[in-house]
2 protein chains.
Amino acid sequence: MRLSGIGEFGLIKKLRDMCSGGPPGLLAGIGDDAAAVRTGNRNILITSDMMIEGVHFDLSFTTFYQLGYKFLAVNISDIFAMGGRPGYFFASLGIPRSFRAADIEELYTGIKKIADESGVTVAGGDTCASESGLVLSGTLTGEAKKVIKRSGAKEGDGIFVTDTLGDSAMGLHLLKKRRRRIRSFSSPAPRIKLMKRHLMPAPRPAENLSAITSMIDVSDGLLADLSHICDESRVGAVIHRDRIPVSAELAGIAESLNIDPVELALKGGEDYALLFTAPPDIRTGAFRIGGITGKGRFIIDEKGGKAAFKPEGYEHFR
Amino acid sequence: MRLSGIGEFGLIKKLRDMCSGGPPGLLAGIGDDAAAVRTGNRNILITSDMMIEGVHFDLSFTTFYQLGYKFLAVNISDIFAMGGRPGYFFASLGIPRSFRAADIEELYTGIKKIADESGVTVAGGDTCASESGLVLSGTLTGEAKKVIKRSGAKEGDGIFVTDTLGDSAMGLHLLKKRRRRIRSFSSPAPRIKLMKRHLMPAPRPAENLSAITSMIDVSDGLLADLSHICDESRVGAVIHRDRIPVSAELAGIAESLNIDPVELALKGGEDYALLFTAPPDIRTGAFRIGGITGKGRFIIDEKGGKAAFKPEGYEHFR
């Protein structure tokens, strides 16, 4: 069976089956945003992400600075998704021979920028030649008082997201049409804001971590990521279309392009907001979009109609 | 300036300059085999290595099982080089769509094999599509009572290597001529042993760690890696050609091919033996090949002639 048939999630499940049975020090492993290891009296988090030119980024509309920023941002988002604080970052780069040293310095300047903003130390890494495109592989450590997994959602919990969704997918759509790099985001134009959300996502931690029962970052898309929580927690979910938070910028541009902004918010990826479950009356600035049920996965439309949803979103191997 | 001009070591130096000034918890960073972080009362080690198809491996003569084994082996070697015990492994894979799921399972079987042999837990990772070749990026954690860096060598120390050198380079040479995979290493033929050393290196820790002043694993080649120790420790070195350990298998095949085996031992990479410095009278099973001096880097030939050496070895960007 080719990977294009089995899909990324199928492969991860297969690999998890092969790697099960770790020692008791391992609190979370394959299937969460980061692994969590109990070391002494600390919970150490470790996450790895790989970004490949032509798959995850396009240098025709991303500067090296923006790419470096996003490279670390997606790793920080994984640590936040486990309830952690990020610590040390290790960047491994596979670099085509034709690249200029200044390009890689610019990439590091972007990494350093978000590292400084987030209290992350850039601690090491590896460089090697790549025979094809640029390959970035990053590992970020973190620490968490309480490790929040995908598997803790309980019937009766509310479902929350920390930020608007769909902006990144629309930003990508606009960038693909533009096919030029943006050097400055100082313009207040809605298009610029949406493109920035795609190019330089700025993850923020969730509040009130002690009340949160499960969490994931929205990288594959809301429906796909909520499905991961349902899978790992063995629960169902009901969400409401009219509660999905959509930015004014997305709503405006989507109308002008005749695109449904909520479809983008449900299925577009790379928002790097946090999706979590918690008691419905929790004090939080996050948007409550639905609730956890015993089973089934449904979305209620604006007229009250109920339809099952599938984990639709971006699938790497399809 | 293109990367092909600056070279890998030049780039690492530049990046280190950009990333200096970490917090006091960081014991070792860019420029060592692994980063070391003080967490509570523990020294946590973290290393990352990237392997790219067409640069670091060739699937025309490497099985997926052997590749998985080596992928983790090179990371274990980095942890041993810091005086550590390996812990948790995180594998990120960029996989071409045309690959079969069975290939990736075979790769994981190789990872699992050496993980089980070495007490490593395969704890997580990431898979994504690659538009070109297979990309492996691994992160391995470890723990060390005492962190051994490249920078601790002292004038008067002996220079030691833990295993024979040059076998892997000769194995690679033979594999490039053969261009077929080897499914079994049960033959006692010297060629098979050398090819195995290249395909499935089996790193072992050094003994008597408390006496060791600096250490590195021989991945770039002896001269290059000894130069790293001299650079970081700000010392010189003298080594003796006739003390460089060469296996009987390498000596035999090299003679039949009219190749100088010591040249391979000095400049060939990927041996994954350990190169360390320690007081010259240390109790060890390792081979003492020379000594640390105040400055200068020299090699003494079989007739007593002395010549300066340069960090010749495999250079990724040249």
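Since we're looking at a predicted model, the values are computed, not measured.

Thresholds applied
- Residues numbered from 1 in each chain as written.
- Chains lettered and ligands numbered in written order.
- Predicted model: local features only at pLDDT ≥ 70, side-chain atom pairs only at ≥ 80, totals over all residues.
- Buried ≥ 20, exposed ≤ 12 C-beta atoms within 10 Å, placed from the backbone.
- Helix = DSSP H or I, 4+ residues; strand = E, 2+ residues; numbered from the N terminus.
- Pairing = 2+ DSSP bridges.
- Axes fitted to C-alpha atoms, helices over the stretch in contact; angles between N-to-C directions.
- Parallel < 35°, antiparallel > 145°, perpendicular 65-115°, else oblique.
- Left-handed = near helix turned anticlockwise from the far one by under 90°.
- Contact = placed C-beta atoms within 7 Å.
- Nonpolar A, V, L, I, M, F, W, Y, C, P; charged D, E, K, R; others polar.
- Arc of directions from axis to C-beta.

## Let's talk about the pairing of strand E10 (residues 274-278) of chain B
Residues and elements named next belong to chain B.
Then, in step 1: Most of E10 is tucked away, with five of its five residues classed as buried.
Then, in step 2: Along E10, one buried face is formed by Leu274, Phe276 and Ala278 and the opposite face, lined by Leu275 and Thr277, is buried too.
Then, in step 3: In this sheet, E10 lies alongside strand E7 (residues 158-161) in antiparallel orientation, the contact comprising four bridges. Residue Ile159 lies in a different strand from E10, and its bridge partner there is Thr277.
Then, in step 4: When strand E8 (residues 214-217) meets E10, the two strands line up antiparallel, connected through four bridges. Residue Met215 lies in a different strand from E10, and its bridge partner there is Phe276.

## Examining the packing of helix H5 (residues 190-199) of chain B against helix H7 (residues 248-257) of chain B
Residue and element names in this part refer to chain B.
Then, in step 1: Here H5 crosses H7 at 115°, and the two axes come no closer than 9 Å. If you check the angle between H5 and H7, you find them roughly perpendicular. H5 and H7 meet at a crossing whose hand is left-handed. Contacts between H5 and H7 involve Pro190, Arg191, Lys193 and Leu194 from the first element and Glu249, Leu250, Gly252 and Ile253 from the second.
Then, in step 2: A class-by-class count of the residues in the contact of H5 with H7 yields four nonpolar, one polar and three charged.

## Section: H7 of chain B
All names here are of chain B.
Then, in step 1: Considered for burial, the residues of H7 that qualify are Glu249, Leu250, Ile253 and Ala254. The arc that holds every buried residue of H7, seen down its axis, measures 120°, which confines them to one face. Looking at H7, the residues exposed on the side facing more than 90 degrees away from the buried face are Ala248, Glu255 and Ser256.
Then, in step 2: The inward-facing, buried residues of H7 abut helix H4 (167-178), H5 and helix H8 (261-267).
Then, in step 3: Following H7 by one or two positions, Asn258 adopts a phi angle in the positive range, close to 60°.

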